[in-house]
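Spelled out from the first residue to the last, the chains are:
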Amino acid sequence: MSVQSQSELSPVPPVPAIPSPPDVSAGLALSLQPINAGASLRDQAYAMLRQAIADADIYQSREEIRLDERVLSEALGVSRTPIREAMTLLEQEGFLRTVPRRGIYIMRKSKREIVEMIQMWAALESMAARLATVNATDEEIARLRHMFDSFRDTTPAEHIEEYSDANIAFHQAIVQLSKSQIIMDTIRNIFIHVRAIRKMTISQSDRASRSIVDHLRIIEALEQRDTELAEKLVRQHSLDLADYVQKHCDFLD
């Protein structure tokens, strides 16, 4: 697993979507922009492709998402060589897979794999919450509460896209507040798939409303420096998602 900085868990500003050709996917467009020639082209291509995959709704359709070297080369403004090198790294990390005589595809996980990933996330994020009660400052914990100020006088379902982004940012923040680089490095590859599933399920079965209640209880436990309760609440919150996916997300199979 590559060791990356803490910033990879932080949201990045959106960039213009560059349409993919018809054979890339069922209506999916990766958000890309030309890269800076001043640094390693391979490293920049890797970082931008990885972020684009993280931002894409890779589970929006059962159709496999095929990447086209020519389209990516034109979008990033570089030759195909750094694109191939970056894609090799992403394949080694489990984000892409090569199908002989067909091309390179974004890796989609099965329902069983997603459930296991969420269970692993539950273990890592709950430990992060435990560490946050010890390592985070009062000001850092207070910022968690402000993430939901926009939804104080309304329901999350009325602004589901905005709430989905806040939801994901909240879970990223819990991990960051642990100040454990090992946890951040370990969780980063799981994050791409768990994030995609959170985005898809947050609007289902009134999960958004129940989610914000869970979040506020977690924040209160962190504010009170209640280590055991914070760890328990965060773990159960993710395990509830794993249970929901197991029971209702048959589209993953």
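The name an unreviewed UniProt entry gives the chain is HTH-type transcriptional repressor RspR, with Cupriavidus respiraculi as the organism.

## Quick notes on the overall build of the chain
Broken down by element type, the chain carries nine helices and three strands. Taken from the N to the C terminus, the helices and strands of the chain come in the order α-β-α-α-β-β-α-α-α-α-α-α. Burial status across the chain gives 49% buried among its 253 residues. If you take every contact in the chain between residues at least 6 apart in sequence, the share linking residues at least 24 apart comes to 76%. Carbon and sulfur atoms make up 51% of the accessible area of the chain, which totals about 12,400 Å².

## Side note on helix 6 (residues 160–177)
Taking 1.5 Å of rise per residue, the 18 residues of helix 6 would be expected to cover 26 Å, and the 25 Å separating its terminal C-alpha atoms lies within 8% of that figure. The buried fraction of helix 6 is high, at 14 of 18 residues. K179, located one to two residues past helix 6, shows a positive phi value of around 60°.

## A few points about the packing of aromatic side chains
One pass over the full model with this rule turns up four aromatic pairs. Considering the side-chain rings of F148 and Y163, the 6.0 Å spacing of their centres and the 40° angle between planes classify their relative orientation as tilted. Pair noted here: F148 is in the loop between helix 5 (138–146) and helix 6 and Y163 is in helix 6, with a separation of 15 residues, a long-range link. Just as F148 is buried, Y163 falls in that class too. An aromatic cluster of at least three residues, connected via ring pairs, comprises F148, F151, Y163 and F170. Sitting over the ring of Y244, R207 keeps its end group 4.9 Å from the ring centre.

## Remarks on the pairing of strand 3 (residues 103–106)
Pairing of strand 1 (residues 66–67) with strand 3, which is carried by two bridges, proceeds in the antiparallel orientation. Note on strand 3: the bridge partner recorded for R66 is Y105. Relative to strand 3, strand 2 (residues 96–99) runs antiparallel, the two sharing four bridges. Across the sheet, T98 pairs through a bridge with I104, a residue of strand 3. The turn linking strand 2 back onto strand 3 is made up of three residues, and R101 within it adopts a positive phi angle of 65°.

## Notes on the side chain of H237
Along the chain, the position of H237 falls in helix 9 (residues 227–248). One polar contact links H237 to H215, side chain to side chain, over a distance of 3.4 Å. Filtering out sequence-adjacent residues up to four positions away, H237 remains in contact with H171, R198, S211, D214, H215 and I218.

The rules behind these values
- Residues numbered from 1 in each chain as written.
- Predicted model: local features only at pLDDT ≥ 70, side-chain atom pairs only at ≥ 80, totals over all residues.
- Heavy atoms only, no water.
- Helix = DSSP H or I, 4+ residues; strand = E, 2+ residues; numbered from the N terminus.
- Buried < 20%, exposed > 50% of the residue type's maximum accessible area, 1.4 Å probe, protein only.
- Contact = heavy atoms within 4.5 Å.
- Areas by Shrake-Rupley, 256 points an atom, 1.4 Å probe, with all protein chains shown as cover.
- Expected span 1.5 Å × (residues − 1).
- Phe/Tyr/Trp six-rings, centres within 6.5 Å; stacked < 30°, edge-to-face > 60°.
- Lys NZ or Arg CZ within 6 Å of the ring centre and 35° of its normal.
- Pairing = 2+ DSSP bridges.
- Polar contact = N/O pair within 3.5 Å; in protein donor to acceptor, adjacent residues only side chain to side chain.

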